[in-house]
Each structure stands twice: as structure tokens, then as C-alpha cells.
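Listed below, chain by chain, are the residues.
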Amino acid sequence: MAHVIVAGKIHPAGRAVLDSAEDITVRYIDEVSENSYAAFVHEADAVLIRTQPMSAETVAKAGRLKIVSRHGVGYDAVDLSALNERGIALAVCGDVNSYSVAEHACMMILAASKRALRGNASVRSGPWGWRNKLESQDLRGRNLLILGYGRIGRHTAAMMAGFGMTIRAYDPYLVSRGWPEGPIAAAEDLNEALGWADVISVSAPKPEKPLIGAAEFAAMKDGAIIVNTARGGIVDEAALIAAIGSGKVAAAGLDVFENEPPAADNPLNAFDQVILSPHIGGLTEGAAERMAVNAAQNILDYLAGGIDPALVVNRDYAHGLVKA
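If you're wondering where the values come from, they're calculated on a predicted model, not measured in any experiment.

Asker: Could you give me a rundown of the packing of aromatic side chains, with the residues and numbers involved?
Answerer: What the rule picks out here adds up to one aromatic pair. A cation sits over an aromatic face here: Arg154 above Tyr149, 5.4 Å from the ring centre. Positioned above the aromatic ring of Trp196, the side-chain terminus of Arg168 is 4.7 Å from the ring centre.

Pasting the structure below:
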């Protein structure tokens, strides 16, 4: 009988998938830390993991482990090399939250453009006359640059097109492979595109060094708006703070940070033209349910030999994977 550890609280629908399965036992550990589950990992055939790390040290303790199933699509905190050495599969969820993140990006574009925080404050504590400064901006006819044109970037483009924006996307990987059909043009020169854009939305994977730093901010229009719902570190935070302070960036929306949670004295907290949220773009109630169900089902499918290989990150290393 296979034993599953669920490391971190998941939606009840995901628990129901596991609880109704035959021939498995499950240990639920609600605390989200590596230490909380590492003490039990030696007894696990499968681990469903949320955002906490899985280090090589923890993998070494897991003598029975066959699969790690991520509650999501990212796996930065999992030591993939350690899993590969042991032939342990790492599975991720399919497309369960791309619409959710795109909606969050659109919300931040709108809130930043309309100066939602300042408008809210002017009603609650004054002055009402703030409205006459005309800081709120239209989106129709303005230029939107999307950095990263995967599922989230494409959904964001489709949604924001409804507001009458002119949209381009920057994604060198897709340019090299063949740009997808559709109305969104490829921007091949980043600095030129930054100078063209009124609004920049970041949906790119995290590179080795920041994609947007001081030089890139210098290339932007004065008064640009930037939104990041991808990963902290894609935008150099110190350079962003300087750009906001100087007025180069007029407003911003940030769902991700270089350090999460950010420190209480982070200078971003002082800017009332910056919308902040606690990395919740993909954490809607609906997305949480879909992620939990998918992550649980990946375990059952793998143990039964029927998982979709496209959901296994290290399918070339995973023992027992039925390859297509």
C-alpha cells in the first residue's frame, strides 16, 4: 500500500481525491515548512508539496519516494538534481491558474492607471479635490508591452485588448521557435519596446539576472506604468524603487517581490501609487481547488502508471514513467 504525505494545507477537493482512492494511506501536514514534513518523508512513496523547499538533504531521507507532486506549476524550491539522481519524478499541475494570474495582472494595470489607492484615500480621508489633479489615465489608445508571451501573457493580451490598447509582446524564446498566430506583434528589441510602451506587464519566467534593471528603466517613457505578476527578481527592486521615486515610473502593481514577504521597512510601502498584493495572482478559490485536484490526481496517475508525461518535469530521469 502506497503512502502519501501532503505537505501544506490544500483545498478539500484535493483531499477528497486522495481520501477516496483505494490502496493508499495519507498523512496531512498543514504547516508549510520543510522541517514539518522532513521527519516523515522516509515513509512516503509520494509527496504533494506546496511552496516549501525540498532540499537534497530531505530527498536523501526519502528512501521510498517515487514522485513529488507540486501544488502549482513552479518548482524553484525543489532540488531537481537530487530527484534526478534517484529517478524520482517531479510532476506539476497543468493549466490551472493562468487565467487567474492574467485577471490579476489586468486588475493591477487598471488600478495603477486609475490611481485606485489615491482615489480611495481621497474619499476616506481627503482631500476630495485630489480628483482635479487628473492623475487617472485612460487605457484606450495607449501602448501595452507584455514581457513573456506564454499562456498568462496571451490571456492578459486578450483581456486588455478589450480596453482598446495597442499591444505588443517581447519573448525571444517564442521568436526563435516561431511566433504564434494572432493580432499581437512581436517586439524583438527590448529597449525599443520599452521606449514605446505606456504600460509594461511582466509575465516572463525568472532569468539568471533581472530582465528589467536601471538601464531598462532609463529606456522607458517618463511616467510609464509597470506591473509584475510573474516572479520577484525579474524586475530589479532597487532600480524600480529609484524609478518610482524619480517619477520615471508613475505607478506600479506588484504581486511578487525579491524577498517574500517583503520587510516592513521596504521603501515600496511608502508609495501610494503602487498597488501591492501578497503573491496571490494564482491563489483564487477556484484556482486553489483546481491545483489541489490536479496535484492529487498526478500522484494517483503516476502510481498507477498513467500520468501524462507532459506534466512530469524530469520525464527523462523518472523511473517507472510510461513514456508516450
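Asker: Which residues make up the sheet that holds strand 5 (residues 89-91), and what values go with them?
Answerer: The parallel open sheet is built from five strands, whose spatial order is 2-1-3-4-5. The open sheet is flanked by strand 2 (24-29) and strand 5, the only strands paired with a single partner. Here the strands of the sheet are splayed against their neighbours by 15° on average, with no regard to which way each runs. Pairing geometry for strand 1 (residues 2-7) and strand 3 (residues 46-49), over four bridges, is parallel. Opposite Val6, over in strand 3, you have Leu48 as the bridge partner. Relative to strand 2, helix 1 (residues 12-19) is tilted by about 150°, and along the sheet it contacts strand 1 and strand 2. Across the sheet, helix 12 (residues 285-303) is in contact with strand 1, strand 2, strand 3, strand 4 (67-70) and strand 5; its angle to strand 4 comes to roughly 155°.

Asker: So what's going on with the sheet that holds strand 8 (residues 185-186)? Which residues, and what values?
Answerer: Within the open sheet, the seven strands sit side by side as 8-7-6-9-10-11-12. Their pairing is parallel. Edge strands, defined here as strands with exactly one partner in the open sheet, are strand 8 and strand 12 (274-276). Here strand 9 (residues 199-202) runs beside strand 10 (residues 224-228); their pairing, made up of four bridges, is parallel. Paired with Ser201 across the two strands is Val227, which belongs to strand 10. Along the sheet face, helix 5 (residues 98-113) touches strand 6 (143-147), strand 9, strand 10, strand 11 (249-254) and strand 12 and points at about 150° away from the line of strand 10. Contacts from helix 11 (residues 237-246) reach strand 10, strand 11 and strand 12 within the one sheet, and its direction differs from that of strand 11 by about 140°.

Asker: Break down helix 5 for me, with residues and values.
Answerer: Between the first and last C-alpha of helix 5 there are 22 Å, a value that for 16 residues agrees with the 22 Å anticipated at 1.5 Å per step. Burial analysis of helix 5 places 12 of its 16 residues in the buried class, which makes it a mostly covered element. Within helix 5, the full set of buried residues consists of Ser98, Ser100, Val101, Ala102, His104, Ala105, Cys106, Met108, Ile109, Ala111, Ala112 and Ser113. Remark: Arg115 follows helix 5 within two positions and exhibits a positive phi of approximately 55°.

Asker: Got a sec to walk through the pairing of strand 7 (residues 166-170)? Specific residues and values, please.
Answerer: In terms of residue burial, strand 7 counts as a mostly covered element, since four of its five residues are buried. With respect to chirality, the unit in which strand 6 leads through helix 7 (residues 151-161) into the neighbouring parallel strand 7 is right-handed.

Asker: Can you tell me about the side chain of Ser33, naming the residues and giving the values?
Answerer: Position of Ser33 relative to the elements: it lies in the loop between strand 2 and helix 2 (34-38). Within polar-contact distance, the side chain of Ser33 engages the side chain of Glu31 at 2.9 Å.

Asker: Give me the lowdown on the side chain of Glu237, citing residues and values where you can.
Answerer: One can find Glu237 in helix 11. Apart from the residues within four sequence positions on either side, Glu237 is in contact with Phe257, Glu258, Asn266 and Leu268.

Criteria and cut-off values
- Per chain, residues are indexed from 1 in the order of the written sequence.
- The predicted origin of the model limits local features to residues at a pLDDT of at least 70 and limits the giving and counting of side-chain atom pairs to 80 or more, whereas totals for whole chains, interfaces and linings rest on all residues.
- Heavy atoms from the whole structure form the basis of all side-chain values; hydrogens and water molecules are not counted.
- Two rings from Phe, Tyr or Trp (for Trp, the six-membered ring) form a pair when their centres sit within 6.5 Å of each other. Planes less than 30 degrees apart are called stacked, planes more than 60 degrees apart edge-to-face, and all others tilted.
- Geometrically, a lysine NZ or arginine CZ counts as sitting over a ring once it is within 6 Å of the ring centre and also within 35 degrees of the ring normal.
- DSSP bridges decide pairing: two strands pair if at least two such bridges lie between them.
- Put simply, DSSP H or I for four residues or longer makes a helix, DSSP E for two residues or longer makes a strand, and each gets a number counted from the N terminus.
- To obtain each axis, a line is fitted to C-alpha atoms, and for helices this fit is confined to the stretch in contact; angles are then taken between N-to-C directions over 0 to 180 degrees.
- By the convention used here, residues are in contact when the closest approach between their heavy atoms is within 4.5 Å.
- Expected helix span is given by 1.5 Å per residue-to-residue step, counting one fewer step than there are residues.
- Exposure is judged per residue with a 1.4 Å probe applied to protein chains only, and the accessible area is read against the type maximum: over 50% gives exposed, under 20% gives buried, and values in between give partly exposed.
- Place the viewer so that the strands point away; then a crossover is right-handed whenever the path from the first strand over the helix to the second strand goes clockwise.
- Polar contacts, as used here, are pairs of N or O atoms within 3.5 Å; protein pairs need one atom able to donate a hydrogen and one able to accept it. Residues neighboring in sequence count only if both atoms are side-chain atoms.

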